[in-house]
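# Overview (structure and organization)
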4 protein chains.
Amino acid sequence: MKNTFGNAVSVTLFGESHGKEIGAVLDGLCPGIPVDEEELRFRLDLRRPFGRISTPRREADDFSIVSGVYEGKTTGTPLCILIPNRSARSADYDMLRSVARPGHADYAAFCKYHGYSDPRGGGHFSGRLTAPLVAAGAIAEKMLSSRGIKIGTHITRCAEIDDRDFDDLAADIAALNTKQFAVLDEESGEKMRERIEKAAEEGDSVGGVLETAVTGMPAGVGEPWFDSMESVLSHALFSIPGVKGVEFGDGFVMADMRGSEANDPFRVRDGKICTATNHNGGINGGITNGMPVIFRVAVKPTPSIFLKQDTVDFRKGKETELSLSGRHDPAIVHRARAVVDALTALTLADMLTVRYGTDWWTQ
Amino acid sequence: MKNTFGNAVSVTLFGESHGKEIGAVLDGLCPGIPVDEEELRFRLDLRRPFGRISTPRREADDFSIVSGVYEGKTTGTPLCILIPNRSARSADYDMLRSVARPGHADYAAFCKYHGYSDPRGGGHFSGRLTAPLVAAGAIAEKMLSSRGIKIGTHITRCAEIDDRDFDDLAADIAALNTKQFAVLDEESGEKMRERIEKAAEEGDSVGGVLETAVTGMPAGVGEPWFDSMESVLSHALFSIPGVKGVEFGDGFVMADMRGSEANDPFRVRDGKICTATNHNGGINGGITNGMPVIFRVAVKPTPSIFLKQDTVDFRKGKETELSLSGRHDPAIVHRARAVVDALTALTLADMLTVRYGTDWWTQ
Amino acid sequence: MKNTFGNAVSVTLFGESHGKEIGAVLDGLCPGIPVDEEELRFRLDLRRPFGRISTPRREADDFSIVSGVYEGKTTGTPLCILIPNRSARSADYDMLRSVARPGHADYAAFCKYHGYSDPRGGGHFSGRLTAPLVAAGAIAEKMLSSRGIKIGTHITRCAEIDDRDFDDLAADIAALNTKQFAVLDEESGEKMRERIEKAAEEGDSVGGVLETAVTGMPAGVGEPWFDSMESVLSHALFSIPGVKGVEFGDGFVMADMRGSEANDPFRVRDGKICTATNHNGGINGGITNGMPVIFRVAVKPTPSIFLKQDTVDFRKGKETELSLSGRHDPAIVHRARAVVDALTALTLADMLTVRYGTDWWTQ
Amino acid sequence: MKNTFGNAVSVTLFGESHGKEIGAVLDGLCPGIPVDEEELRFRLDLRRPFGRISTPRREADDFSIVSGVYEGKTTGTPLCILIPNRSARSADYDMLRSVARPGHADYAAFCKYHGYSDPRGGGHFSGRLTAPLVAAGAIAEKMLSSRGIKIGTHITRCAEIDDRDFDDLAADIAALNTKQFAVLDEESGEKMRERIEKAAEEGDSVGGVLETAVTGMPAGVGEPWFDSMESVLSHALFSIPGVKGVEFGDGFVMADMRGSEANDPFRVRDGKICTATNHNGGINGGITNGMPVIFRVAVKPTPSIFLKQDTVDFRKGKETELSLSGRHDPAIVHRARAVVDALTALTLADMLTVRYGTDWWTQ
């Protein structure tokens, strides 16, 4: 469904980097959820560029909710969030009508859209479109949070520096949700930022890995086969520009384990069934088992770099060189974190609504 | 959509491990595609257990196509493939009504289905259901292959042994599609099998990583955002039991690269636009760029092991121990390979049909 | 989605009139619903041809449920119903490869499937495929019925003879569900059958109108706009071969009313909000209002007649004449009634599951 | 999918009658289609209220396209149309929080949304939301028209006055598309308007029937069973507020025909296969046969009338009386016509794109 995702709760995304407005339509939300614009603003700020580790393009992200909220609460009908583009500088992008930026969608989009797509700043492919996703996700996060479902994401690795592992999930998630550069260990974070700045100085960029934990998910959500929790979450996560890998629980490391190590023994604690370990990331057979849902997302280095690159003019079919100017992020992993949180919240809100009905939250 | 996947070409899966029949309905295929039952038989054989590295349950997989084929060719209307279960031994599974096998869906399914799901052999969660997927995929593979799109998957790692990397893709893919234990380097394969057998002797199991290459995909297929090629392929791949990670191109390794390394420079060769490297795995911005599509899938060790395990009786809410008997695979990665090929073929057939229309193949 | 319909509860249809098996996969049913094969048999019998008013092709409809039921109850996973074709006589249909039967899909299908579709007995277009729909619907009807939702359909008009109107809905629905030729007034029914027989003797066919009432639907089910109760029900109903009109409440007659006549005044009876009249057929703004859901379906006369007809050979692009032999129904309206009941039950089960969650019935 | 409709081309609708903005997101359009804002303006004007036969609420409908168009042409990515609400008067609607307007969704919506939906002017249920649908449809109509597919709708009946039948379709469609009150016979139109005005004077309202013809549709579009052309068109048409009946070809009249009358004999004219009559409305077995697609839509009288009505206060569960003030249409059939054209165009654009691929128009 192209730019619409979700079954019971769906999000439809529109806009281009340098168009008039970007936005999202969020449909199927339970009625009665409080919509706190401060909360949305806060989440959008977590995604905004800042310091020397981000693009100098600084959009105010003055969002406006034009439908679906009445007297401060969701109505249950579609909620549309609009964000105007103010700092558009189309002139920077004239060359992109015909010259492919390596690692970007320009050439692939040309093959798909026959040259009619908006080339300015990547057009509809731009990471800028994650802003309305983050705003939409903030509403879903609030909805989940008020029912005890908490989501937290940290930069577990960036520029070859590792953050510490999750420890006390409740405390770690709470802490992460106050941080713009989301690491559990501030010293590691400092080193990451230094390396991002260094890459920026060299006209280059870096990538990283995000790790997400979700606590409070009830057991029994998800489907065997095609709508497994892993399938649906990965579908959402791979829609984020720059994501090239997704793994659940111990992920690729499990491939080297034996069954006797990888299986999580069940036990009873405080009268509740849980597992002693969580190698499977809270999901068995595609369905939540009541343990924290854990996954990691690999984000490639930003493809927009200032170093000279070999490429082609795809309209002429000729090789050429490219030196990008303009405003670019030397890393997006710290900004992508807010998008991972948002898409996780939207996906879980959807799956919970499929499972428990269109007013499970309201009742 | 639970047990139905795909937009223009869809597959609907049904059945239980020890029910009467398992099967799949394949809808939206272009009309006129030759359906060669020998080809299906061959693909099903690639998935069948064999030797000491697989379960002793040996189903004949005598499939039957009961609709959608007329005079040896697809009609364009739904094609239903049925496979009877002959070697069912329900008695082995009585205990599973209430005792959760660690790493399996039993407890999660109990929470979801309130205890009504078929417990015998994992019921609808069983890997046995991949048989009709493989049969359905074989038809899609033939369809793609006749238009120059070739798919090959090897066991790139198993029990800590690595296979060699892809080299000459055309030759490697051709070779892989003749092998039941799909490795590029036979010596590595021999070591892998030894380790699987050793694990089996010890009542344990091993996992592995599969790597897939697809050549011949035209540029311009896939969507920005929610139906990105990565999103849709990962959605399909994570539906395979035991898959816990999916990465495209250099995947998680890209997280440690710099942009200058990760970007694939475009160039012109023989009048065709291509890239000098393929770190992005043939996909830019969610859309194919004409280069080979490359991805890897992490398969966890089979959760059915013969070692004694701690677990719970979930109906009683009490801790207990479990010693599995019955017939189990000490590894499924070599069998999962046929399923990866099948779901890849089905997904690409779908995306090509969305892109080029319902009779793109026929014309 | 071509041959799959429904969101939370979906049905996938496959098969051809003279293929090996026809069938349906019913997914998303709540777990724990008793599946009574006698009930399915009874519903299938309501749809079976009988007497001189139907085709002499008499299929036993020996259905088999091959998945999704365990110990007599739904598991919550896909339920596949198979019905073999036994009385196939392909020879009757050789000519249909190239000669279009007026009123049938032959020529349209040729344009769509490039001549690859199965021509025998209409192939996948055959009314024979309504048998698995009726079987699937019987399970959904049982599910609804046990929660107080009752569905009844009568032949309100056939061959220009009117049945009496609905009166006491509870009694009328109960009576209809025991009748093979579903009329409220037996005398009218007798006249209808006489006219059908007369048309049959003359080598011709007749049509009719079915009227359905659903009692017990809770208020608040359906959506504004695209998933209005009318939209989704009509989508299902127009998939029945031969249906050319659908209207809700007073339907086309409302076009001649004034607002003051057409509006149903609300009132309170026994502490419950209801309406004094039901011109709107139990639906306001696309959403049920708690009153009986009422609709009518126009069924055209069977296009298979024995009179000589002008037509074309579409492979040669030449005019020709057609004299059908074979086995045909002089009317299908009385058989279509079971299909209307079935699709109504499936659609309502879907909409209730969307509204109340995947185990609303089970809890 | 609630507020999103379509497979390859989809429309997502949002907004409330008295909210900030209403709008639609149109996704999946082929790239390169010229978007003429004058054309959209013209279509919106056809839907706007005028004279004494419509509501005195006169919105300017100053739409704005904020994405999906670049240099005057569609990009192939989502096109969002926004229309601000300027003439909102919320005060008129305070009572509607608890008092149900007969014939309206108020009570049903209360049951569904637990009282959180926006009550002002019907909120999301308001006919006002058809404005962005008309704007979106205008783009689709242009797309179809430039490929020879023409759509025209007339008020075939209103307040018991009949318009003349379609005659020369090309001329009739061309004429209709210039008229705000779309009748083929101006004298009949004059009488209809007189009767609407008379109903308005009496504080009452009238309904009517719209008839649509589509010429130029290629044969072979649509599906057997669930995505039959009738199923998908009726799904769209029944989403229009006030529509209570849809019929194709001769519709309900066919129920009284014999097969020998209802079957359309095929013949060859100018080397092209067509039918001598068109009782089936251009559709056989759910698939277009190349003849004009013909259907009729019954529109009930506007439920907003000024006469005193019996109703209930649904929050108190008590009977009460209602005397509406505010601004209302004494008929909507003449305005609904633009919506029928729009949804027809959107649905056909979708089905053509499913059939021929995502750039069928562009190539």
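Small disclaimer: the values here were computed from a predicted structure and weren't measured. (Residues numbered from 1 in each chain as written. Chains lettered and ligands numbered in written order. Predicted model: local features only at pLDDT ≥ 70, side-chain atom pairs only at ≥ 80, totals over all residues. Heavy atoms only, no water.)

Bringing the relation of the copies chain B and chain A into the picture now. Mapping chain B onto chain A calls for a rotation angle of 180° and an axial translation of 0.0 Å; the resulting RMSD is 0.0 Å. One copy is carried onto the other by what is essentially a two-fold rotation axis. Of the residues that chain B buries at the interface, 100% are likewise interface residues in chain A, meaning the two copies contact each other through the same surface. (Least-squares fit on C-alpha atoms with pLDDT ≥ 70 in both. Contact = heavy atoms within 4.5 Å.)

Quick look at the sheet that holds strand β10 (residues 208-215) of chain B now. Strand order in this open sheet of 10 strands is β9(A)-β8(A)-β10(A)-β16(A)-β11(A)-β11(B)-β16(B)-β10(B)-β8(B)-β9(B), and the pairing throughout is antiparallel. Looking at the sheet topology across the chains shown, the edges are occupied by β9 (161-162) of chain A together with β9 (161-162) of chain B. Pairing of strand β8 (residues 150-158) of chain B with β9 of chain B, which is carried by 2 bridges, proceeds in the antiparallel orientation. Of the residues in β9 of chain B, the one forming a bridge with Cys158 of chain B is Ile161 of chain B. (Pairing = 2+ DSSP bridges. Helix = DSSP H or I, 4+ residues; strand = E, 2+ residues; numbered from the N terminus.)

Here we take up the interface of chain D and chain A. Listed as interface residues are 48 residues of chain D and, on the opposing side, 48 residues of chain A. When chain D packs against chain A, close to 3,900 Å² is buried across both sides, 60% of that on carbon and sulfur atoms. The tally of links between chain D and chain A comes to 2 salt bridges. Taking the shortest distance from any N to any O, the salt bridge between Glu71 of chain D and Arg97 of chain A comes out at 2.3 Å. Taken together, the links from chain D to chain A amount to 14 residue pairs in polar contact (both at pLDDT 80 or more). Breaking the side of chain D that touches chain A down by element, the ones donating at least two residues are β2 (10-14), β3 (21-27), β4 (64-65), β6 (73-74) and β7 (79-84) of chain D. Element by element, the count of residues in the side of chain D that touches chain A is highest for β2 of chain D, at 4 residues. Across the side of chain D that touches chain A, the residue classes tally to 15 nonpolar, 22 polar and 11 charged. (Buried area = accessible area lost by both parts, 1.4 Å probe. Salt bridge = Lys/Arg side-chain N within 4 Å of Asp/Glu carboxyl O. Polar contact = N/O pair within 3.5 Å; in protein donor to acceptor, adjacent residues only side chain to side chain. Nonpolar A, V, L, I, M, F, W, Y, C, P; charged D, E, K, R; others polar.)

When the parts of a complex come together, some accessible area is lost, and that lost area is often taken as the interface size. At the junction of the two partners, chain B supplies 106 residues and chain A supplies 107 residues. Of the roughly 8,300 Å² buried between chain B and chain A, counting both surfaces, carbon and sulfur atoms make up 60%. Interface area lost by chain B to chain A is led by Trp225, Phe226 and Lys244 of chain B, which between them contribute 13%. Connecting chain B to chain A are 12 salt bridges. Close ionic contact of Lys244 of chain A with Glu230 of chain B constitutes a salt bridge, the shortest N to O distance being 3.0 Å.

This part takes up the environment of Leu210 of chain B. All names here are of chain B. Looking at the element boundaries, Leu210 is found in strand β10. When its relative accessible area of 0% is taken as the criterion, Leu210 is described as buried. The sequence separation of Leu210 and Val297 amounts to 87 residues, and the corresponding C-alpha distance is 5.1 Å. Non-local contacts of Leu210, meaning those with residues more than four positions away in its chain, are made with Thr153, His154, Ile155, Thr156, Phe295, Arg296, Val297, Val299, Val333, Ala336, Arg337 and Val340. (Buried < 20%, exposed > 50% of the residue type's maximum accessible area, 1.4 Å probe, protein only.)

Moving on, we come to the relation of the copies chain D and chain A. Rotating chain D by 180° and moving it 0.0 Å along the rotation axis overlays it on chain A with an RMSD of 0.0 Å. Comparing interface residues between copies, 100% of those in chain D also lie at the interface in chain A; the contact surface is shared.

Our next topic: helix α2 (residues 106-113) of chain D. The buried fraction of α2 of chain D is high, at 7 of 8 residues. Among the residues of α2 of chain D, Asp106, Tyr107, Ala108, Ala109, Cys111, Lys112 and Tyr113 of chain D are the ones counted as buried. On its buried face, α2 of chain D sits against β12 (266-269), β13 (272-275), β14 (283-284), β15 (287-288) and α8 (333-356) of chain C. Downstream of α2 of chain D by one or two residues, His114 of chain D has phi in the positive range, about 55°.

With that settled, the discussion passes to the confidence of the model for chain A. Counting all residues, the mean pLDDT for chain A is 95, and 98% of those residues have values of 70 or more. Confidence metrics for the complex model read pTM 0.97 and ipTM 0.97. (pLDDT = per-residue confidence, 0-100.)

Before going further, it helps to spend a moment on the sheet that holds strand β3 (residues 21-27) of chain A. Residues and elements named next belong to chain A. Strands sit in the order β1-β2-β3-β7-β4 across an open sheet of 5 strands; the sheet is antiparallel. The open sheet has two free edges, formed respectively by β1 (4-5) and β4 (64-65), since each of these has just one partner strand. Pairing of strand β2 (residues 10-14) with β3, which is carried by 5 bridges, proceeds in the antiparallel orientation. Looking at the pairing, Leu13 lines up with Ala24 of β3.

Here we take up helix α1 (residues 37-47) of chain A. Residues and elements named next belong to chain A. Among the residues making up α1, those that are buried are Leu40, Arg43, Leu44, Leu46 and Arg47. Each buried residue of α1 lies within a common arc of 155° when the element is viewed along its axis, so the set occupies one face. If you follow the buried residues of α1, they end up packed against β4, β7 (79-84), α3 (130-145) and α8 (333-356). (Arc of directions from axis to C-beta.)

With the exception of glycine, the majority of residues adopt a negative phi angle, and the majority of peptide bonds are in the trans configuration. The phi dihedral of Ala159 of chain A falls on the positive side, at around 50°, and the residue is not glycine. Its location among the elements puts Ala159 of chain A in the loop between β8 (150-158) and β9. Look at Glu71 of chain C: it is not a glycine, yet its phi comes out positive at around 55°. Looking at the element boundaries, Glu71 of chain C is found in the loop between β5 (69-70) and β6 (73-74). A relative accessible area of 56% places Glu71 of chain C in the exposed class.

What follows is about the pairing of strand β2 (residues 10-14) of chain B. All names here are of chain B. Within β2, 5 of the 5 residues are buried, leaving the element largely enclosed by the surrounding structure. Along β2, one buried face is formed by Ser10, Thr12 and Phe14 and the opposite face, lined by Val11 and Leu13, is buried too. As paired strands, strand β1 (residues 4-5) and β2 are joined by 2 bridges and run antiparallel to one another. Across the sheet, the residue bridging to Thr4 is Thr12, located in β2. A loop of 4 residues connects β1 with β2, the two strands running antiparallel in sequence, and Gly6 in this loop sits at a positive phi of about 115°. In sequence, β2 turns back onto strand β3 (residues 21-27) through a hairpin of 6 residues, with Gly15 there showing a positive phi of about 120°.

Moving on, we get to the nonpolar core. Within soluble globular proteins, side chains that are nonpolar generally end up buried alongside one another. Among the nonpolar cores identified, the biggest contains 162 residues, and Ile81 of chain A together with Ile81 of chain B are the most heavily contacted of them. Contact partners of Ile81 of chain B, with chain neighbours within four places excluded, come to Ile22, Gly23, Ala24, Leu40, Phe63, Ser64, Ile65, Pro132, Ala135, Ala136 and Ile139 of chain B. If you look at the next biggest cluster of nonpolar residues, it comprises 161 residues, including Ala331 of chain C together with Leu44, Ala345 and Trp361 of chain D. (Core = buried A, V, L, I, M, F, W, Y, C linked by side-chain atoms within 4.5 Å.)

Within the element layout of this structure, Asp359 of chain B appears in the segment after α8 (333-356). Every residue in contact with Asp359 of chain B, bar those within four places of it in the chain, is listed here: Cys30 of chain B, His114 of chain C together with Arg355 of chain D.

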